[in-house]
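One-letter residues, chain by chain:
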Amino acid sequence: MNRLLHLLYSAFVLAACSGAGLESIRYPLEDFGSYTPGLWRGRSDVVASVRAVEEKGNRAAAVKWDYTGCREAGMRFANMVFHRPITGRVQTLEARIKAGAGMKGVEICLWIEDKSGEIYISRRRVDWEGWQTVSFPVAGRGPGWASGDRNQQQDTPLKLFGFAVESGTVLVGELAFDDIMVVAKATPQEALAFTLVGSP
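Analysis parameters
- Residues numbered from 1 in each chain as written.
- Predicted model: local features only at pLDDT ≥ 70, side-chain atom pairs only at ≥ 80, totals over all residues.
- Heavy atoms only, no water.
- 1 Å grid on protein atoms, 1.4 Å probe; cavity = no way out; pocket = protein on both sides within 12 Å on 5 of 7 lines; lining within 4 Å.
- Points joined across faces, edges and corners; volume = space filled by probe spheres on them.
- Helix = DSSP H or I, 4+ residues; strand = E, 2+ residues; numbered from the N terminus.
- Nonpolar A, V, L, I, M, F, W, Y, C, P; charged D, E, K, R; others polar.
- Buried < 20%, exposed > 50% of the residue type's maximum accessible area, 1.4 Å probe, protein only.
- Lys, Arg positive; Asp, Glu negative; His and termini not counted.
- Salt bridge = Lys/Arg side-chain N within 4 Å of Asp/Glu carboxyl O.
- Polar contact = N/O pair within 3.5 Å; in protein donor to acceptor, adjacent residues only side chain to side chain.
- Pairing = 2+ DSSP bridges.
- Axes fitted to C-alpha atoms, helices over the stretch in contact; angles between N-to-C directions.
- Phe/Tyr/Trp six-rings, centres within 6.5 Å; stacked < 30°, edge-to-face > 60°.
- Lys NZ or Arg CZ within 6 Å of the ring centre and 35° of its normal.

(A) Region of interest: the layout of surface pockets. As a volume, the largest pocket reaches approximately 220 Å³. Around the largest pocket sit 16 residues that line it, and V53, E55, K98, W131 and A176 are the ones nearest its centre. The element that contributes the greatest number of residues to the lining of the largest pocket is strand β3 (residues 47-55), accounting for four residues. Split into classes, the residues belonging to the lining of the largest pocket amount to eight nonpolar, two polar and six charged. What lines the second largest pocket is A73, G74, R76, F77, C109, W111, I121, R123, W145, E166, S167 and G168. In terms of residue class, the lining of the second largest pocket is built from six nonpolar, three polar and three charged.

Take a look at the structure:
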């Protein structure tokens, strides 16, 4: 999506400022206009890659995988890595995701990292074909495993660690990602500063 449209979107505050309370903000985190994320494979025998793709003049990022040579089922994942700071107290994270024919059953796992390094996860199973906006709940999610300070609390500030694509029933495939958005709670002061300077 055009970066200017994203910046305009970032200025949209969903609730009016109200004293010392929190309000909802929705803003763009990444549109892949000039950025391609990194890659972390579960094991060295996982074959995977991340590449930029274009469709009708719009740039996105695609992760491609082949898990047929990976002997350990629990390590069959390819993580599209961002390490991107997130403003506010995150409620949900959204992404437009394109799934081609035969991709139903793929597990997409959002990894959120808190300031101590503790990892929180939110999963969605592909049950669509073509582009679809997919919402990943973050608030209230527990840690995926023992990590960071292990206090099982989402200590802010948070980071988008990445999206891990797990095989599910699909050992070979590709998914494209675009327009990552954040819905978060913020103080009136944070929200005002955000509308003035735009997304992180």
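So, next bit.
(B) Spatial organisation of the side chain of D114. Mapped onto the elements of the fold, D114 is located in the loop between β7 (107-113) and β8 (119-125). Of the side chains bearing the opposite charge, K115 lies closest to the buried D114, which forms no salt bridge; the N-O distance is 8.4 Å. Within the local environment of D114, its side chain forms a polar contact with the backbone nitrogen of E118, the two atoms lying 2.9 Å apart.

(C) Main features of the side chain of R26. Turning to its location among the elements, R26 is positioned in strand β1 (residues 23-30). Overall, the relative accessible area of 18% leaves R26 in the buried class. Within polar-contact distance, the side chain of R26 engages the side chain of E94 at 2.6 Å.

(D) Structural view of the sheet that holds strand β5 (residues 77-86). Taken in spatial order, the five strands make up an open sheet running β2-β5-β10-β7-β8, and their pairing is antiparallel. Strands at the two margins of the open sheet, each flanked by one partner only, are β2 (38-41) and β8. Adjacent strand axes in the sheet meet at a mean angle of 25° when their direction is disregarded.

(E) Seen up close, the packing of aromatic side chains. On inspection of all chains with the given rule, the structure shows 12 aromatic pairs. With a centroid separation of 5.2 Å and 35° between ring planes, the pair formed by W111 and F161 is classed as tilted. Taken together, the positions of W111 in strand β7 and F161 in strand β10 (residues 158-166) put the pair 50 residues apart, joining distant regions of the chain. In this structure, W111 and F161 share a single accessibility class: buried. Directly above the aromatic system of Y35 lies the positively charged group of R84, at a separation of 4.8 Å from the ring centroid. It is R96 that lies over the ring of W131; its NZ or CZ is 4.5 Å from the centre.

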